Amino acid sequence: MRMEFLRQLNTTPLSGLAALGEKWVKVITDLQGAVECGRALHVYQQQHGGQLPAEYADVTELIVESRAA
């Protein structure tokens, strides 16, 4: 992500830097939210024998199958 940010920073005209900054602030904020969600999910799994909460679906098999294809 750092390399992509630097690439975009170096290729964006001065007039677009404010929008680029806003975009990357959102990316970072979303990523921080995902990290917190992942940590909460990990705690849940530790407390429930590795099970996912009911609102989640385990897609491990779909990922394994797609990589095998």
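A few points on the structure. (Residues numbered from 1 in each chain as written. Predicted model: local features only at pLDDT ≥ 70, side-chain atom pairs only at ≥ 80, totals over all residues. Heavy atoms only, no water.)

Across its full length, the chain carries three helices and zero strands. Along the chain, from the amino end to the carboxyl end, the secondary structure elements read α-α-α. For the chain, the C-alpha radius of gyration of 18 Å lies well beyond 11 Å, the compact-globule estimate for 69 residues. Its C-alpha atoms give the chain principal-axis dimensions of roughly 50 × 30 × 20 Å. When each of the 69 residues of the chain is scored for burial, the buried share is 7%. Here the chain has roughly 5,900 Å² of accessible surface; of this, 62% comes from carbon and sulfur atoms. In the chain, which carries 6 positive and 8 negative side-chain charges, the distance between the mean positions of the two groups comes to 11 Å. (Helix = DSSP H or I, 4+ residues; strand = E, 2+ residues; numbered from the N terminus. Rg over C-alpha atoms; globule rule 2.2 N^0.38 Å. Buried < 20%, exposed > 50% of the residue type's maximum accessible area, 1.4 Å probe, protein only. Areas by Shrake-Rupley, 256 points an atom, 1.4 Å probe, with all protein chains shown as cover. Lys, Arg positive; Asp, Glu negative; His and termini not counted. Charge placed at Lys NZ, Arg CZ, Asp CG, Glu CD.)

With that settled, the discussion passes to the packing of aromatic side chains. By the definition in use, this model includes one aromatic pair. Here Phe-5 and Trp-24 contribute two aromatic rings whose centre-to-centre distance is 5.5 Å and whose plane-to-plane angle is 75 degrees, an arrangement assigned as edge-to-face. Taken together, the positions of Phe-5 in helix 1 (residues 2–11) and Trp-24 in helix 2 (residues 17–47) put the pair 19 residues apart, joining distant regions of the chain. Residue classification places Phe-5 among the partly exposed residues on the basis of a relative accessible area of 30%. Exposure remark for Trp-24: the relative accessible area of 9% places this residue in the buried category. (Phe/Tyr/Trp six-rings, centres within 6.5 Å; stacked < 30°, edge-to-face > 60°.)

Running from N to C, helix 1 and helix 2 cross one another at 165 degrees; their axes reach a closest spacing of 10 Å. Relative to helix 2, helix 1 is oriented roughly antiparallel. Seen along the crossing, helix 1 lies across helix 2 with a hand that is right-handed. Only Leu-17, Leu-20, Lys-23 and Trp-24 of helix 2 make contact with helix 1, whose side of the interface consists of Glu-4, Phe-5, Gln-8 and Leu-9. Of the residues in the contact of helix 1 with helix 2, the class split is five nonpolar, one polar and two charged. (Axes fitted to C-alpha atoms, helices over the stretch in contact; angles between N-to-C directions. Parallel < 35°, antiparallel > 145°, perpendicular 65-115°, else oblique. Left-handed = near helix turned anticlockwise from the far one by under 90°. Contact = heavy atoms within 4.5 Å. Nonpolar A, V, L, I, M, F, W, Y, C, P; charged D, E, K, R; others polar.)

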